[in-house]
Every structure is written in C-alpha cells, then in structure tokens.
Amino acid sequence: MMMMMMKMRTAAQFRSQLWSLKTPSLCHRSFAAISTYKAVIFDMYGVLIPSPVKVATVFEQQNSVPLGTLGKAIRTGGEVNAWKRFMRGELGAEEFVEAFGRQCSEIAGCPVPIGSFLSDLTSGPMTKPLPVMMEAILCARSRGLKTAVLSNNFLQLNGDPFLPLDHSLFDVIVESCREGLSKPDPRIYHLCLNRLGVSAHEAVFLDDLEFNVKAAAQLGMHAIKVGDLAVAVKELEGVLGIPLSGFVPGPGSGATKLPMDQLTQYLRKALHLSDKDPVPVQQLSPSQSNSLYHLTTGGRHLLLRKQQKGSQAMETEYRLLKALNGSGIPVPEIIGLCEDPSVLGAPFLLMEVCLGRMFSNPSLPGLTPGDRRALYQAMEHTLCQIHCLDTRAVGLEDYGEPDDMGLQVEWWSQRYRDSETLPIPAMERLIQWLPLHLPKHQRSTLIHGSFRLENLVFHPEKPEVVAVLDWGRSNLGDPLSDLTFSCMARCLPQDNPLLTGISDKGLEQLGIPSVEEVIGQYSSSMGLEEGVPDWQFYMAFHLFCLAASHQGESKNTIAGQTGSGRIAEQVADLAWDFATKEGFRIFNAKPSTPHAGTSPLKGQIAG
C-alpha cells in the first residue's frame, strides 16, 4: 500500500510538470507590470493602416504621372511646402489640393489631379486597419500597457482628421493637424509622452519612416522601424517580453470570474488601502492548476495565485517561498496566504511583483547576441543556485515526496497501455528500453518543476535573474529534470508539433549557449566530474511521457475532436531518436543487457 501511495504521488507530481511543458501558450506570464516599459506609441500610416506610398504609385500609374512625382513634391520645399503645411493643419483640404496640385504639375510637366489622390488616401484599403497590429494592441492593452497614436495626419474636407481606427483602443491620440506640429519635431513626441504620463525611457515607438524613428530614439524611447509587419511585431514582443498574438476577446480573456467585491474588501484590509484605491485585476495564466492574476493597487504591483481543484496546496508553496526568502534564491516577496473560502472560494497566495523583464520567445528577438548569451548564462546560474540549496538549513528536508524515476516510467507506460488505440512502434521500443537504462545515480535536491525562460524575471538592465515564478510544481527530486526543461527548446526544431524549438535557428549566431556548453557549465558548477552521461535518457523519457499523454487524448481524435494520435506518434519518434543517439544504440543489439554507461557527451546532443 505504501508503495502504491508513493507511486500515485510521484506520478501526480510529474503529470503536473508535464502539463507546463506541453501547453506553453498557457505559460506565457510575461506582463507589462514587471517591465520597465509602460506605453507603446504607434504611427498610423504604414503601421496601423497601409502605407500611402503604394497608393501614390498606383495613382501615378493610372493618371500617367511620372513615377516619383508625388514623393519628390513631398520632399522638396522644406517645412513650408504644401504637404508639410497640410500635415500641420495650416492648409485646409481645398487649399492643399490647389497648392500641392500646382507643385506636382510643375515637377511632372503636366496637370496632376491631386483631388482624386486625396480621395484615394481616405477610401478603399486605407480605411482598413492592419489585423496583425490590431491584435498586438489588444494583447498589449490586456497586459496593462498604455497605447497611443502619434500621426502626421490631415484634415478632410469636412474638417475632421482621417482616423479609421477604434478610438477606444488608445489612451492618447496625437495628430499633427490638430497640434500644429509634425514629426520629427521633438515637441510633438514630448506632447504625446506627457499626455500618456510616461517618460521617454518608459515608451516604445513604432514608425515606418527612418527619420521619425531616429528622432524618437534620440529622445530616449526604444524605437522600432516598421517594414515587414510580422517582423516588427516579433521585435516588439522581444522588447516588451509579452506575446502579442492569440488574443481571445470576451470574459475568458480577463479576470471577470473573480468575485471582485469580496477580493477588494480583503485587499483593502490586508494592504491598508483607502476606499478610493481601485483594484484592477488581469488574469495572466488560466490553466488546469493554479490561475495567476496581476493586480495593481495603491501604487503596488501584485501577483495573486489562486488554487484550483487537484493542484498543489497553497500552503505548500507558501511554506516554500517563505523558506527561500533570504536563501539567495531570487523569489517574489510573499505578502500573505488567504485560506478563507469566503473571499475567492479557494486559498490563494499574494506576492509582490519584482520589476524587470520577462521573455516568452526562447530566441529572444530584438536583443544582441551578447545580451542573449548573458541572459541564458544568468538563467543557468540561477538553476544551480536552486539545486545547491541546503534544504535542511532552510527547513525543507521533508518538502514533498522524492521522485523515483523507475516508478515514473512504470506509471507512464501503464498510462499509454490504458489509452492505446493504434500501436505506435516507437512507444513499444521505449517501454522496453527505458527501464533498462535508468540512471545509475540519481541525486535529490529541490527542483522547480517548470524551470524555463518564461518563468524568470530579469533585472531591467543587467543580465541577472531577480525572481523565479511558478513554484507550484516544485518538489524534492532529480535535478536533471529541471536541466532538461531549461534546455528543451534548444534541442527541438522550430516546427516541433508541441513546443517551438530553436535548434535549427543557429544558436551560435544568436549567441545562445549550446546544450553542450550548458551541461559543461552546469557540471562544473555542481561538481559533477563525469558530467551528465545520461542526458539522452532524460530527453527520451520526457518526450516519452508527452507522447503517452497525447495518446491518452487521442480517443478524442476518433470522435473528430483533436489530432493527438498523430502528434503522439511524432513525439514518440523524436523520443526514440534521442534514445538511439550514440551511447544508446546498444538497445538494438542487446535489448536485455543492463545499462552499461554511455559514450562521451560530445556529439550526442540533437540538433
């Protein structure tokens, strides 16, 4: 009976870890409150709506106007030309048509019907906002960031500016024709920043014109030149450290299910807030375990983690974080544990947010190779800190139940058998191979359980981890499980069906340490003289568990609901690839021979 209970506990613990691995989209807890940036400022033309350059080219072709005429007219004459005066609101639409038409006609040597060009600028495709940018704005605002439009714009014949955008998506709209100033005049940038209530260093600026971008950068803003929209959004993701796609509107995208009256009353008492202090709440990570919320109140940024049915008890995580405070391991500061069911219906933790940067994309777009390398090295240093902790010294020697790899292999093999539909050859081989190649020496340390880039907060400027989040899957167990999690993206290709990898994106060019480097540094820091000879086993094992889990879901495929069966086979094949690398090829020749060691690490790492 005792063995069965141990088996159930260790299997449940690993299933919790597995959930975090196989659903990365639910683990992107990057949010603006812990970023140094507070606002994103967008140009309109060429960023939020199509660029007028294409409209001008089509107009010239259709009206037999020499190509480049309109562009030349816009660039000549300095600040007093018709275009610049139109943008500053000094000319009305009719006056502009007359003055700009005369200028273009002189350049072209023939009449140019500018009136129809102005009509083209305010109709057709120009009235349709660009979806990729609109989704980025929705995602940014859902994370608490302010957004603004800063546009060189003009007044139409009816006296209104041309602004085919949903005004509710922006906290501030600054238009040159209303302000009498136009980009790249520094004054209009300052005007926008002042109305947003942020400093230049707290804002990101996007524009499609180089001179406007340079002007913003000179003021201290992080400026992004927009060419390819998708590339620009990816760069913005890297700067903000938040995902800018996949926005889901409606109640499911926020924290609307929280009983706000009870929560607000509790927070005002616990934090000594006045009745006038608002308590905006944003759900960051709804999942099958603990839901994570971000709160801003009384000038403080807080994290609230609510326990859900079947997840690790909140008092367990509370005990851990209290023990780790002062240990040297960077963790959020615990404010308190609420076990009163009348507040949220379940226990929850309240923590102080650490200011810093978070990243959701393992390739760290927007950073230099040197910065990427430094951040990944800081990540590995923090992992070693966790695994070097003297659990007895901080009172955690009895924290959870130590994992047993043999029991986990047995449990996941049975899970696969219970849900088997069509045979998967790679799974059959793994079920035989894994028990024969269990690591001879398994250490037991504190393990995080989901140690990945997304769960780390970095210093705003330095390559230093200031907080490790999401300890809900922590335990005493084999530290190499954490090491596997931390390196998984570097071992998988970009088109992996479960996790987006970076093994085929050129780690050396990106500046990201290879798996060989990570294992070498980890072994040196942890005093592992033989390195990690069983590395391939851990990769094979984790992928085997993922395949077994998806095979369990493949019964839904028969009902036409998911593609889990096909994915299970793909992942099992990948697991078997790891199992047969170099030192593991002995399985085919001697399937019943106990594991006798592996060959050196060099050359064994996939990718």
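Just so it is clear, the model here is predicted, and its values are computed rather than measured.

### Re the environment of Leu-181
Then comes step 1: Locating Leu-181 in the fold gives a position in the loop between helix 8 (176-179) and helix 9 (186-196).
Then comes step 2: Separated by 93 residues in the primary sequence, Leu-181 and Arg-88 place their C-alpha atoms 5.5 Å from one another.
Then comes step 3: Excluding residues within four positions of it along the chain, Leu-181 makes contact with Arg-88, Ser-176, Arg-187 and Ile-188.

### With respect to the pattern of salt bridges
Then comes step 1: Evaluated as defined, the whole model comprises 22 salt bridges.
Then comes step 2: A salt bridge links Arg-373 to Glu-517; the shortest N-O distance between them is 2.4 Å. Of the two residues, Arg-373 sits in helix 15 (residues 369-387) while Glu-517 sits in helix 20 (residues 515-526), which places them 144 residues apart along the sequence.
Then comes step 3: Across the salt bridge formed by Glu-454 and Arg-452, the nearest N and O atoms sit 3.1 Å from each other.
Then comes step 4: For Glu-454, a relative accessible area of 10% translates into the label buried.
Then comes step 5: Salt bridges here are not isolated pairs; linked through shared partners, they connect Glu-79, Lys-84, Arg-85, Arg-88 and Glu-90.

### A short note on the sheet that holds strand 5 (residues 222-225)
Then comes step 1: Read across the open sheet, the 5 strands follow the order 3-2-1-4-5; overall the sheet is parallel. Single-partner strands in this sheet number two, and they are strand 3 (172-175) and strand 5. Averaged over neighbouring strand pairs, the angle between their axes works out to 20 degrees when direction is ignored.
Then comes step 2: Where strand 4 (residues 203-207) lies against strand 5, 4 bridges are found, and the strand directions are parallel. Along strand 5, the bridge assignment pairs Asp-207 with Lys-225.

### Some remarks on the nonpolar core
Within soluble globular proteins, side chains that are nonpolar generally end up buried alongside one another.
Then comes step 1: Among the nonpolar cores identified, the biggest contains 87 residues, and Leu-324, Met-427, Leu-446, Trp-471, Leu-483 and Trp-535 are the most heavily contacted of them.
Then comes step 2: Sort the elements by how many residues they give to this core and helix 21 (residues 535-553) lands first, with 12 residues.
Then comes step 3: Non-local contacts of Leu-446, meaning those with residues more than four positions away in its chain, are made with Leu-320, Leu-324, Ile-386, His-387, Leu-389, Thr-391, Tyr-399, Trp-471, Asn-475 and Leu-476.
Then comes step 4: If you look at the next biggest cluster of nonpolar residues, it comprises 55 residues, including Met-87, Cys-139, Phe-162 and Ala-232.

### Re the side chain of Gln-103
Then comes step 1: Relative to the assigned elements, Gln-103 resides in helix 5 (residues 93-108).
Then comes step 2: The class for Gln-103 is buried, based on a relative accessible area of 17%.
Then comes step 3: Only 3.3 Å separates the side chain of Gln-103 from the side chain of Thr-76, close enough to count as a polar contact.
Then comes step 4: If we skip the residues at most four places from it in the chain, Gln-103 touches Ala-73, Thr-76, Asn-81 and Ala-82.

### Remarks on helix 2 (residues 52-62)
Then comes step 1: For helix 2, the full list of buried residues reads Val-55, Ala-56, Phe-59 and Glu-60. Buried residues of helix 2, viewed axially, fall in a sector of 130 degrees; they line one side. Structural note: helix 2 exposes Val-53, Lys-54, Gln-61 and Gln-62 on the side pointing more than 90 degrees away from its buried face.
Then comes step 2: Immediately beyond the C-terminal end of helix 2, within one or two residues, lies Ser-64, with a positive phi of roughly 55 degrees.

### Some remarks on the confidence of the model for the chain
Then comes step 1: For the chain, per-residue confidence averages 80 on the pLDDT scale, and residues scoring 70 or more make up 80% of the total.
Then comes step 2: Note that pLDDT drops below 50 for residues 15-34; the model gives that stretch 81 contacts with residues more than four away or on any other chain.
Then comes step 3: In the model, residues 285-290 has pLDDT below 50 throughout and makes 26 contacts with residues more than four positions away in sequence or in other chains.

### Thoughts on the environment of Phe-59
Then comes step 1: Mapping Phe-59 onto the fold places it in helix 2.
Then comes step 2: With 55 residues separating them in the primary sequence, Phe-59 and Ile-114 have C-alpha atoms 9.3 Å apart.

### Considering unusual backbone geometry
Then comes step 1: Note the cis peptide between Lys-183 and Pro-184, where omega equals 10 degrees.
Then comes step 2: Its place among the elements puts Pro-184 in the loop between helix 8 and helix 9.
Then comes step 3: Backbone geometry at Ser-64 places phi at a positive 55 degrees, although glycine is not the residue there.
Then comes step 4: Phi is positive for Asp-470, which is not a glycine, with a value near 60 degrees.
Then comes step 5: By secondary structure assignment, the location of Asp-470 is in the loop between strand 13 (465-468) and strand 14 (475-477).

### What to know about the side chain of Asn-455
Then comes step 1: As for its placement among the helices and strands, Asn-455 is situated in the loop between strand 11 (445-447) and strand 12 (456-458).
Then comes step 2: A distance of 2.7 Å separates a polar atom in the side chain of Asn-455 from the backbone oxygen of Ser-450.

### Some words on the packing of aromatic side chains
Then comes step 1: Tallied over the full model, the rule gives 16 aromatic pairs.
Then comes step 2: Between Tyr-266 and Phe-348 the ring centres are 5.4 Å apart and the planes differ by 85 degrees, which places this aromatic pair in the edge-to-face class. Highlighted residues: Tyr-266 in helix 12 (residues 260-270) and Phe-348 in strand 10 (residues 348-352), separated in sequence by 82 residues.
Then comes step 3: Where Phe-537 meets Phe-541, the ring centres are 6.2 Å apart and the plane angle is 0 degrees; that geometry is what we call stacked. Of the two residues, Phe-537 and Phe-541 both sit in helix 21, 4 residues apart, roughly one turn of that helix.

### So, the packing of helix 18 (residues 479-491) against helix 20
Then comes step 1: At a minimum axis separation of 10 Å, helix 18 and helix 20 run at an interaxial angle of 155 degrees. By the angle class used here, helix 18 and helix 20 are roughly antiparallel. Once helix 18 is placed against helix 20, the crossing between them reads as right-handed. Counting all contacts with helix 18, which are made through Pro-479, Leu-480, Leu-483, Cys-487, Arg-490 and Cys-491, the residues of helix 20 involved are Val-515, Val-518, Ile-519 and Tyr-522.
Then comes step 2: The residue inventory of the contact of helix 18 with helix 20, partitioned by class, reads 9 nonpolar, no polar and 1 charged.

What counts and how
Residues numbered from 1 in each chain as written. Predicted model: local features only at pLDDT ≥ 70, side-chain atom pairs only at ≥ 80, totals over all residues. Heavy atoms only, no water. Helix = DSSP H or I, 4+ residues; strand = E, 2+ residues; numbered from the N terminus. Contact = heavy atoms within 4.5 Å. Salt bridge = Lys/Arg side-chain N within 4 Å of Asp/Glu carboxyl O. Buried < 20%, exposed > 50% of the residue type's maximum accessible area, 1.4 Å probe, protein only. Pairing = 2+ DSSP bridges. Axes fitted to C-alpha atoms, helices over the stretch in contact; angles between N-to-C directions. Core = buried A, V, L, I, M, F, W, Y, C linked by side-chain atoms within 4.5 Å. Polar contact = N/O pair within 3.5 Å; in protein donor to acceptor, adjacent residues only side chain to side chain. Arc of directions from axis to C-beta. pLDDT = per-residue confidence, 0-100. Phe/Tyr/Trp six-rings, centres within 6.5 Å; stacked < 30°, edge-to-face > 60°. Parallel < 35°, antiparallel > 145°, perpendicular 65-115°, else oblique. Left-handed = near helix turned anticlockwise from the far one by under 90°. Nonpolar A, V, L, I, M, F, W, Y, C, P; charged D, E, K, R; others polar.

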